[in-house]
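Secondary and tertiary structure notes
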Amino acid sequence: MTSSDAPSSSVPPVPTPAPDGSTALVVGATGISGAALSARLVDAGCHVLGLSRSGRDLPGLESVETVRADLTDAEELRTALADHRPTHVFLTAWARQDTEDENIRVNAGMVRDVLDAVRAGGSVRHVALLTGLKHYLGPFEAYGQGEVPDTPFHEDEERLPHKNFYYAQEDELFAAAERDGFTWSVHRAHTIIGAALGNAMNMGQTLAAYAAICRELDRPFVFPGSETQWNGVTDMTDADLLAEQLHWAATTPAAADTAFNVANGDVFRWRWLWPRLADRLGVRPEGYADAPRPLEEQMADAAPTWRTIAEREGLRETDVDRVASWWHTDGDLGREMECLTDLARSRRAGFTGHRVTLDAFLDLFDRLEADGVVPAPPVAG
């Protein structure tokens, strides 16, 4: 997976194997993590297969070869991947279900079926699995219940005594690696900062949409979460940094067969960050006061307002539920526990990437406005 010069022609290049013969299959290529990873792999000169249910092209990444398949349909996956020979597989997709038993059935099944589908080619060298901090905090049904590890979370913590689809996904990965002889890596991200319409877990984009609605209705930009999150120390994960670690682990022998936390490398308190985000977004900040004020409640009447904004400003999406994920941001900011990750393991193995979280948010807001996802705040005059 080596680097190469981009073609000078304006005609989209025909996808060809990278100089070292590597081909990356990005599962969930249109998502918040998959899109950032696809861009990084293209920049590195890799031939990228972008697998998604929609099969839609990635804007600005014409060299990505799109593959359409329903990840919950094993036969459709086998058919879609039959003629491809990926050397590196990146599993960045998941599908939320109503119960953890269903989460396990569907999401562990995705891992199993993708790895079964690429097995026939006999070309896979490395598989990377993206998970997150529910590894340490428990699934949605038992989130933060009982005894959880002390922060910062370390990768060698014992698994919690709850059913957890992350554990089931890992077990499918480990079994396939033992069977087929590829190396693996697991990447446990905190809340990811990045852009992707229709993504179920997208705090930065959610806050930008929330701010636009607050401006429209002349409401304050109210922190929706808990007192613990407002005052406590936390961290986050920039999507481009996550892509950097995924690529590094897939090409670094010292990273083989290892699970890694991945976060920006800085820490902050929301009581410090919130007014700075508000200033950039042109809204009046209001911090924690007495009790959480969830976005699902604050934004219960937001759909017509967003449609008005989107139609007036010519935005890409008039359905606010395709832009914002109120429930997920409420889940992150409403936690009654400190959430912070230890990064020593990846540092020891040679990964030194880092980001400044405030800058990651500000860069994202610039991108969302330039791409017509959210409106820019009015210029003060």
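Read on for a plain summary of the structure. This one's a predicted model, so the numbers in the text were calculated from it and none came from an experiment. (Residues numbered from 1 in each chain as written. Predicted model: local features only at pLDDT ≥ 70, side-chain atom pairs only at ≥ 80, totals over all residues. Heavy atoms only, no water.)

Counted under the stated rule, the structure contains 25 salt bridges. Between Arg68 and Glu76 there is a salt bridge whose closest N-O contact spans 2.8 Å. Put simply, Arg322 and Glu317 hold a salt bridge, and the shortest N to O gap is 3.6 Å. Residue classification places Glu317 among the buried positions, given a relative accessible area of 17%. Taken together, the shared-partner salt bridges connect Asp116, Arg119, Arg179 and Asp180 into one network. (Salt bridge = Lys/Arg side-chain N within 4 Å of Asp/Glu carboxyl O. Buried < 20%, exposed > 50% of the residue type's maximum accessible area, 1.4 Å probe, protein only.)

Two elements in contact, helix H6 (residues 203-217) and helix H9 (residues 270-281), have axes separated by 10 Å at closest approach and are oriented at 55°. Relative to H9, the element H6 lies oblique. For H6 against H9, the interelement crossing comes out right-handed. Residues Met203, Leu207, Ala208, Tyr210, Ala211 and Arg215 of H6 pack against Trp270, Trp274, Leu277 and Leu281 of H9. For the contact of H6 with H9, the residue count by class is nine nonpolar, no polar and one charged. (Axes fitted to C-alpha atoms, helices over the stretch in contact; angles between N-to-C directions. Helix = DSSP H or I, 4+ residues; strand = E, 2+ residues; numbered from the N terminus. Parallel < 35°, antiparallel > 145°, perpendicular 65-115°, else oblique. Left-handed = near helix turned anticlockwise from the far one by under 90°. Contact = heavy atoms within 4.5 Å. Nonpolar A, V, L, I, M, F, W, Y, C, P; charged D, E, K, R; others polar.)

Let us look at H6. The terminal C-alpha atoms of H6 lie 21 Å apart, and with 15 residues this matches the ideal 21 Å at 1.5 Å per residue to within 8%. Of all the 15 residues making up H6, 13 are buried; the element is thus mostly covered by neighbouring parts of the structure. The opening residue of H6, the one whose side-chain oxygen lies 3.3 Å from the backbone nitrogen of Gln205, is Asn202. In the stretch just after H6, Asp218 is the one whose phi turns positive, near 55°. (Expected span 1.5 Å × (residues − 1). Polar contact = N/O pair within 3.5 Å; in protein donor to acceptor, adjacent residues only side chain to side chain.)

Examined against the element boundaries, Gln205 turns out to sit in helix H6. Judged by relative accessible area, Gln205 falls into the buried class, the value being 1%. Those residues in contact with Gln205 that sit more than four places away from it in its chain are Ala195, Ala196, Leu197, Arg322, Val323, Leu364, Leu368 and Val373.

Looking now at the side chain of His190. Locating His190 in the fold gives a position in the loop between strand E6 (183-189) and strand E7 (192-193). At 2.8 Å, the side chain of His190 and the side chain of Arg335 are in polar contact. Residues in contact with His190, not counting those within four places in the same chain, are Leu133, Thr234, Asp235, Met236, Thr237, Val262, Arg335 and Cys339.

On to the sheet that holds strand E2 (residues 47-52), then. Ordered in space as E3-E2-E1-E4-E5-E6-E11, the seven strands form an open sheet in which the pairing is parallel. If you trace the sheet from one side to the other, it starts and ends with strand E3 (65-68) and strand E11 (258-262), each paired once. Neighbouring strand axes in the sheet, compared pairwise and without regard to direction, differ in orientation by 20° on average. By the bridge criterion, five bridges tie strand E1 (residues 23-27) to E2 in an arrangement that is parallel. Bridge pairing links Leu25 to Leu49 in E2. Here helix H2 (residues 74-81) sits on the sheet and contacts E1, E2 and E3; the angle it forms with E3, its principal contact strand, is near 150°. (Pairing = 2+ DSSP bridges.)

What follows concerns the packing of helix H3 (residues 100-119) against helix H5 (residues 165-180). Describing two packed helices takes the angle between their axes plus the distance from one axis to the other. Here H3 crosses H5 at 20°, and the two axes come no closer than 8 Å. Comparing the axis directions of H3 and H5 gives the class roughly parallel. In this structure, H3 meets H5 at a crossing whose hand is right-handed. Across the interface between the two elements, Glu100, Asn103, Ile104, Asn107, Ala108, Val111, Arg112, Leu115, Asp116 and Arg119 from H3 touch Phe165, Ala168, Gln169, Glu172, Leu173, Ala176, Arg179 and Asp180 from H5. Taken together, the residues of the contact of H3 with H5 break down into eight nonpolar, three polar and seven charged.

Membership of the largest hydrophobic core comes to 45 residues, with the highest contact counts inside it found for Tyr210, Phe221, Trp270, Trp306, Trp326 and Phe361. Of all the secondary-structure elements, those providing two or more residues to this core are H6, strand E8 (221-222), H9, helix H11 (302-313), helix H12 (326-333) and helix H14 (357-370). The element contributing the most residues to this core is H6, with nine residues. With residues near it in sequence (within four places) discarded, Phe221 still touches Leu207, Tyr210, Ala211, Cys214, Trp274, Ala278, Leu281, Val283, Arg284, Pro285 and Glu286. Ala95, Val106, Val114 and Val118 belong to the second largest nonpolar core, which has 30 residues in total. (Core = buried A, V, L, I, M, F, W, Y, C linked by side-chain atoms within 4.5 Å.)

Turning to the packing of aromatic side chains, a few remarks are in order. Counting across every chain of the model gives 15 aromatic pairs. On the basis of an interplanar angle of 50° and a centroid distance of 4.9 Å, the ring pair of Phe223 and Trp230 is categorised as tilted. In textbook terms, an aromatic cluster arises when at least three aromatic residues are bridged by ring pairs, as seen for Tyr210, Phe221, Phe223, Trp230, Phe268, Trp270, Trp274, Phe361 and Phe365. Lying across the ring of Trp327, Arg96 places its NZ or CZ 3.9 Å from the centre. Across from the ring centre of Trp94, 5.6 Å away, lies the NZ or CZ of Lys134, which sits over that ring. (Phe/Tyr/Trp six-rings, centres within 6.5 Å; stacked < 30°, edge-to-face > 60°. Lys NZ or Arg CZ within 6 Å of the ring centre and 35° of its normal.)

On their own, these measurements won't tell you what the molecule is for.
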